[in-house]
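Analysis of the macromolecular model
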2 protein chains.
Amino acid sequence: MNLRSGAILVLSGPSGAGKSSLISKITDQIGPTYFSISTTTRPMREGEVDGVHYHFVSIEEFKREIDQEMFLEYAVVHGNYYGTSLSPVKQALKEGKLVIFDIDVQGHDAVKNRLSDITTSVFITTPTLEELKHRLHNRSTDSDEVIAGRIDMAKREVQRISEYDFLVVNDKLEAAADILVLIAKAARMKIPTLQINEFVQSWEAS
Amino acid sequence: MNLRSGAILVLSGPSGAGKSSLISKITDQIGPTYFSISTTTRPMREGEVDGVHYHFVSIEEFKREIDQEMFLEYAVVHGNYYGTSLSPVKQALKEGKLVIFDIDVQGHDAVKNRLSDITTSVFITTPTLEELKHRLHNRSTDSDEVIAGRIDMAKREVQRISEYDFLVVNDKLEAAADILVLIAKAARMKIPTLQINEFVQSWEAS
């Protein structure tokens, strides 16, 4: 008896905590996944690819999609719009995939409110703020101003860790990846309330 | 960095759904566990062993323990008291064990209210009501009256499946056990809110 369709895994945490490395380390161990790509109005940066890092759209396009209720969640950060389109997520869920979101605390809030029945969330962070600063400076992709912004945001976000189902401290990549694999495998076992209700009805009728 | 102490896995579901078989099938795959033994005032049945199936106590003893707040949860069912003593659970958590509860929907409610941060819950049932009846009659340990009572209770309990984190339909024992192993392994990764708060404080101070 298979009541499962897809499920959602939300990953949040400061830029520099190692989310991307963790995700690429675990994807071949957790079955079929769909990695949700956000839509944004911010300008494309050097090295970024449209449709890979983000879907880059104009503000007009973004607002049109808001009006048509095409977003699962969206937010404005530093004057730029960021959002998650609903339709590819629905399609991936229908295909039984684990949909992975790399979104911030606000985004998690929105997803949890709309799809709590199939959502598992994980906050990923460095063991210390010091270590986060160290990693951000070392990757040297960002200006000092951007790094300062990321650190401010990280300080605000860690305050809300307890809203998440799990906390993974990315101290050693291997160990953190092992924990994330366990969480992702269980996340896939969530069943939509709709299916549960249908199951209960058919159970009683038998 | 180890923030984890123990965690809790609540298993509920109708008598006859195969909880005991599932538990004994998975215990050697999920690391150190402590199986919580309920305390009851109901008479011991043939084949039952004090301290294995239940802690059997008198009503006076039970009421004394209530007064001393020694129960994590307790309830009265058909005039008999059933409860979960707090102290062995605390001890097992301190030892980093996964504490497994085989309790009803009421008990789950109580545990979730008091220890939600480290609790994962699973409702286990047969694929159909018909199948449950079949299994209850086949094991022939219960009188028709007891079986009828179990079925009534099952019908009430399935209405509350969506209060649980997971539903496992015990259609094929092997498959259900595999799913339960995944859930139990992830359940162990829950971190107490207290530890999270301490972590956030030390993170910021670094």
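Here, every reference points to the structure presented above.
Right, let's walk through the structure included here. (Residues numbered from 1 in each chain as written. Chains lettered and ligands numbered in written order. Predicted model: local features only at pLDDT ≥ 70, side-chain atom pairs only at ≥ 80, totals over all residues. Heavy atoms only, no water.)

A closer look at the interface of chain A and chain B
On the side of chain B, 36 residues touch chain A, which itself brings 36 residues to the contact. Taking both partners together, chain A and chain B bury about 3,400 Å²; carbon and sulfur atoms supply 71% of that area. The tally of links between chain A and chain B comes to zero salt bridges. Here chain A and chain B share 12 residue pairs in polar contact (both at pLDDT 80 or more) between them. Elements supplying a minimum of two residues to the side of chain A that touches chain B: helix H5 (129–139), helix H6 (144–158), strand S9 (166–169), helix H7 (173–187) and helix H8 (193–205) of chain A. Examining the composition of the side of chain A that touches chain B, we find that six residues originate from one element, H8(A), more than from any other. (Contact = heavy atoms within 4.5 Å. Buried area = accessible area lost by both parts, 1.4 Å probe. Salt bridge = Lys/Arg side-chain N within 4 Å of Asp/Glu carboxyl O. Polar contact = N/O pair within 3.5 Å; in protein donor to acceptor, adjacent residues only side chain to side chain. Helix = DSSP H or I, 4+ residues; strand = E, 2+ residues; numbered from the N terminus.)

Brief notes about helix H3 (residues 86–94) of chain B
Residues and elements named next belong to chain B. Those residues of H3 not exposed but buried are Leu86, Val89, Ala92 and Leu93. For H3, the buried positions fall inside an angular range of 135° around the axis, keeping them on one side. Among the exposed residues of H3, those oriented more than 90 degrees off its buried face are Ser87 and Lys94. In this structure, the buried side of H3 is in contact with strand S1 (7–12), strand S2 (33–35), strand S5 (71–77), strand S6 (80–85), strand S7 (98–102) and helix H4 (105–115). Just downstream of H3 lies glycine 96, where phi reads positive at about 80°. (Buried < 20%, exposed > 50% of the residue type's maximum accessible area, 1.4 Å probe, protein only. Arc of directions from axis to C-beta.)

A word on the sheet that holds strand S4 (residues 55–56) of chain A
Residues and elements named next belong to chain A. Pairing is mixed across the open sheet formed by four strands, whose spatial order is S4-S3-S6-S5. Every other strand in the sheet has two partners, leaving S4 and strand S5 (71–77) as the edge strands with one partner each. By the bridge criterion, two bridges tie strand S3 (residues 39–40) to S4 in an arrangement that is parallel. Its bridge partner lying in S4, threonine 39 is registered against histidine 55. Across the face of the sheet, helix H3 (residues 86–94) comes into contact with S5 and strand S6 (80–85) while running at roughly 25° to S6. (Pairing = 2+ DSSP bridges. Axes fitted to C-alpha atoms, helices over the stretch in contact; angles between N-to-C directions.)

Considering the environment of B:Ser121
Residue and element names in this part refer to chain B. Topologically, serine 121 is positioned in strand S8 (residues 119–125). When its relative accessible area of 1% is taken as the criterion, serine 121 is described as buried. In this structure the C-alpha to C-alpha distance between serine 121 and glutamate 163, which are 42 residues apart in sequence, comes to 8.7 Å. Non-local contacts of serine 121, meaning those with residues more than four positions away in its chain, are made with Val10, His108, Glu163, Tyr164, Asp165 and Phe166. Within polar-contact distance, the side chain of serine 121 engages the side chain of histidine 108 at 3.0 Å.

Re the pattern of salt bridges
Residue and element names in this part refer to chain B. Counting across every chain of the model gives 16 salt bridges over all chains. Of the charged contacts, one joins lysine 19 and aspartate 102 as a salt bridge, the two residues approaching to 3.0 Å between their closest N and O atoms. Residue lysine 19 is located in helix H1 (residues 19–26), and its partner aspartate 102 is located in strand S7; the two are separated by 83 residues in the primary sequence. Among the salt bridges present, the one from lysine 97 reaches glutamate 95, with a minimum N-O distance of 3.0 Å.

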